[in-house]
Amino acid sequence: MKTRSIVLLTLFIASSCGFFLPACNSVKKSALTISGDKDASAMVEFISNPEDARLKDRKFEQVPAVGATADGEHVFVAFYSGGAAPGPGNYVTLSVSLDRGRTWLNDQLVVYPRSSEYRLFDPAIWRDKFGQVRLFYGSAKNNLLWDGFGGVNAVEIKWDGKKISHSEPVRISDGVMSNKPVYLPSKNRALFPVYIDKPLPGTKSESAFPHDGAFIYSKDYSKSGRKLQLSPYASINVPEELRIHDEPQVVEVNDKGGYLAMVRTTKGIYYTQSTDFGKTWSAVQAFTASGPTTSSRFYIGKLSSGNLLLVSNNSTTRNKMTAFLSMDGGKTWPHKLLLDARENVSYPDADQTADGNIHVVFDRDRTGAKDILYCRFTENDVISGNNDAVFKTRVNK
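About the thresholds
Sequence order as written defines the numbering, with residues in each chain counted from 1. Whole-chain, interface and lining totals are the exception, using all residues; otherwise, since this is a predicted model, local features are given only for residues with pLDDT of at least 70 and side-chain atom pairs are given and counted only at 80 or more. Remark: hydrogens and water are excluded; side-chain values derive from all non-hydrogen atoms of the structure. Each helix corresponds to a stretch of at least 4 residues labelled H or I by DSSP, and each strand to a stretch of at least 2 residues labelled E; elements are numbered beginning at the N terminus. Each residue's exposure class comes from its accessible area (1.4 Å probe, protein chains only) as a fraction of the maximum for that residue type: buried when under 20%, exposed when over 50%, partly exposed otherwise. Contacts between residues were defined by any pair of non-hydrogen atoms, one from each residue, lying within 4.5 Å. Only the protein chains shown count as covering a residue, and every accessible area follows the Shrake-Rupley method with a 1.4 Å probe. The set of buried Ala, Val, Leu, Ile, Met, Phe, Trp, Tyr and Cys residues whose side-chain atoms join them within 4.5 Å is what this entry labels a nonpolar core. Here, strands pair whenever DSSP counts at least two bridges between them. Between the N-to-C directions of two axes lies an angle of 0 to 180 degrees, each axis being a line fitted to C-alpha atoms and, for a helix, fitted only over the stretch in contact. Each salt bridge in this description consists of a side-chain nitrogen of Lys or Arg and a carboxyl oxygen of Asp or Glu lying within 4 Å of one another. You can read pLDDT as the predictor saying how much it trusts each residue, on a scale of 0 to 100. Two rings from Phe, Tyr or Trp (for Trp, the six-membered ring) form a pair when their centres sit within 6.5 Å of each other. Planes less than 30 degrees apart are called stacked, planes more than 60 degrees apart edge-to-face, and all others tilted. Put simply, a charge is over a ring when the Lys NZ or the Arg CZ is close to the ring centre, within 6 Å, and near the line of the ring normal, within 35 degrees. Counted as positive: Lys and Arg. Counted as negative: Asp and Glu, with His and the chain ends omitted from the count. We call two N or O atoms a polar contact when they sit within 3.5 Å, provided that within protein one can donate a hydrogen and the other can accept it, with sequence-adjacent residues counted only if both atoms are side-chain atoms.

The secondary structure content of the protein chain amounts to three helices and 30 strands. The burial tally for the protein chain puts 61% of its 397 residues in the buried class. For the protein chain, the share of sequence-separated contacts (at least 6 apart) that also reach a separation of at least 24 residues comes to 57%. With an accessible surface of roughly 14,800 Å², the protein chain has 49% of that area assigned to carbon and sulfur atoms.

What follows is the structure, encoded as structure tokens:
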């Protein structure tokens, strides 16, 4: 069967997993290069004025990400909009809450394309081992997801008491990273889930498409400190007929090298396992342990308790946004909490802060209601199925 290696940067956390592993894929050995524009600053400008006319009359709002300071005092949400549709003119906008998600200040920092042919899209927000919050976003020319030009860009952000301050952007890899990196304390390493979509026939992306489709990056803190210096780590093979936007995510399920990875496919969520710290992976297969899934982005991560959190559509369509909890490393998901039963809810992201709160965002009705929705709850709320305890609000006003 024809397959293409898609990039997956491994996340590390800790629990326990006991899956049967079929034959595993080999680790990618090829060197990584940045084949597009290395100057991330050249393609963007930063807007700090929420009243800027360029930010008005949005046609759509979608693909949210959430991340917070460790103490939960400042919660950031990013999403993208701009232009007539996903394509040229897209920009990434940041909102911030100073009261643990109750109210929101919108458009406090906008990453805006300098040229109308650029698009900026698919943000991710991550708090690193030092507590630094970073915004990541994709870049490309015209309407392509990756065109041999753009890639994954990173910006340090913080609330300075009056505004969101930021560093200069740095381009860290080819491809797209619409999910969080993960830090592995036992290895002092972070892994970054990057993928590259299939090329569009007859376009530049077809000739610029890198060998095997994607790479897997890792950051060794013992060698690079605070600098985002990445190197190859591993890859996962997904059959060509299943591929769409792979949007891979990985979680460590035990401290002996057990990992669970999930990817989006045309048939819903598929999963694979590793027993060697994510260096080789089993053949992917359909994920059914939580019930039905659909072809859409999801979130999986580890909570401070060591239990796994999955947020996804509990359906074969984009409805029933649900939080699931596993206490056995992902083998079973007996606890669940319905967050939104409506149609057209999609693309969740989550973060947990030291106070135990779980912060979740997702979008709804991208071109109609254009909702970016926020929920806050605790692990105990998922265990008890207590929907009344979930705080819910709309981020974008």
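A word on the nonpolar core. In this structure, Phe76, Leu94, Leu135 and Ile157 are the most contacted members of the largest nonpolar core, which totals 28 residues. Among the secondary structure elements, those contributing two or more residues to this core are β4 (62-68), β5 (75-81), β6 (91-97), β7 (105-113), β8 (118-127), β9 (133-141) and β10 (152-159). Beyond its immediate chain neighbours, meaning those up to four positions away, leucine 135 contacts Ala78, Val92, Leu94, Val111, Pro123, Ala124, Ile125, Asn153, Ala154, Val155 and Ile157. Grouped together as the second largest cluster of nonpolar side chains are 19 residues, Ala350, Ile358, Val360 and Cys375 included.

Time to look at the sheet that holds strand β27 (residues 345-352). Sheet architecture is open: four strands sit in the order β27-β28-β29-β30, paired in antiparallel fashion. Whereas interior strands pair on both sides, the edge strands pair on one side only; in this sheet they are β27 and β30 (391-394). Put simply, the sheet's adjacent strands are angled 20 degrees from each other on average, direction ignored. Bridging between β27 and strand β28 (residues 358-364) involves six bridges; their strand directions are antiparallel.

What follows covers the pattern of salt bridges. Overall, the coordinates contain 22 salt bridges when judged by the stated rule. Across the salt bridge formed by arginine 100 and glutamate 73, the nearest N and O atoms sit 2.6 Å from each other. Taken together, the positions of arginine 100 in the loop between β6 and β7 and glutamate 73 in the loop between β4 and β5 put the pair 27 residues apart, joining distant regions of the chain. For the salt bridge of arginine 134 with glutamate 156, the shortest nitrogen-to-oxygen distance reads 3.1 Å. One end of the pair, arginine 134, is in strand β9; the other, glutamate 156, is in strand β10, and 22 residues separate them in sequence. Taking relative accessible area as the criterion, arginine 134 reaches 5% and is therefore assigned buried. With relative accessibility at 32%, the residue glutamate 156 sits in the partly exposed group. By sharing partners, the salt bridges in this structure join Glu45, Asp52 and Arg54 into a single network.

Turning our attention to the confidence of the model for the protein chain. Here the protein chain shows a mean pLDDT of 87. Residues at 70 or above account for 84%. Confidence over residues 1-32 falls short of pLDDT 50; this stretch has 159 contacts with residues more than four positions distant or in other chains.

Before going further, it helps to examine the packing of aromatic side chains. Counted under the stated rule, the structure contains 13 aromatic pairs. Seen from their ring centres, tyrosine 271 and phenylalanine 287 are 6.2 Å apart, and the 80 degrees between their planes marks the pair as edge-to-face. Here phenylalanine 287 lies in the loop between β22 (285-286) and β23 (299-302) and tyrosine 271 lies in strand β20 (residues 268-274), a separation of 16 residues in the sequence. Considered together, tyrosine 271 and phenylalanine 287 belong to a single accessibility category, that of buried residues. Each residue in the set Phe60, Tyr80 and Phe121 is aromatic and connected to the rest through ring pairs, giving one cluster. Between lysine 187 and the ring centre of phenylalanine 277, over which it is positioned, the NZ or CZ distance is 4.3 Å. Positioned above the aromatic ring of tyrosine 221 is the side chain of lysine 219, whose terminal nitrogen or guanidinium carbon lies 4.3 Å from the ring centre.

This next bit is on the environment of phenylalanine 277. Among the secondary structure elements, phenylalanine 277 is positioned in the loop between β20 and β21 (281-282). Through-space distance from the C-alpha of phenylalanine 277 to that of glycine 257 is 4.0 Å; in sequence the pair is 20 residues apart.

This part is about the sheet that holds strand β15 (residues 217-220). If you trace the four strands from one edge of the open sheet to the other, you get β13-β14-β15-β16, paired in antiparallel fashion. The open sheet terminates on both sides in strands that have one partner only, identified here as β13 (182-184) and β16 (231-232). One ladder, built from two bridges, connects β15 with β16; its direction is antiparallel. Paired with tyrosine 217 across the strands is proline 232, a residue of β16.

This next bit is on the side chain of aspartate 381. Mapped onto the fold, aspartate 381 is located in helix α3 (residues 379-384). It is arginine 376 that comes nearest to the buried, bridge-free aspartate 381 among opposite-charge side chains, at 8.1 Å. Within polar-contact distance, the side chain of aspartate 381 engages the backbone nitrogen of threonine 378 at 2.9 Å. Ignoring any residue separated from it by four or fewer positions in sequence, one finds aspartate 381 in contact with Leu337, Asn386 and Ala389.

Bringing the environment of leucine 308 into the picture now. Along the chain, leucine 308 turns up in strand β24 (residues 308-313). Since its relative accessible area comes to 0%, leucine 308 is described here as buried. Between the C-alpha atom of leucine 308 and that of methionine 327, which follows or precedes it by 19 residues, the distance is 6.6 Å. Those residues in contact with leucine 308 that lie beyond four places of it in its chain are Val251, Val253, Gly301, Lys302, Phe324, Leu325, Ser326, Gly329, Gly330 and Trp333.

Locating aspartate 122 in the fold gives a position in strand β8. The side chain of aspartate 122 is buried and forms no salt bridge, while arginine 119, the nearest opposite charge, is found at 5.8 Å.

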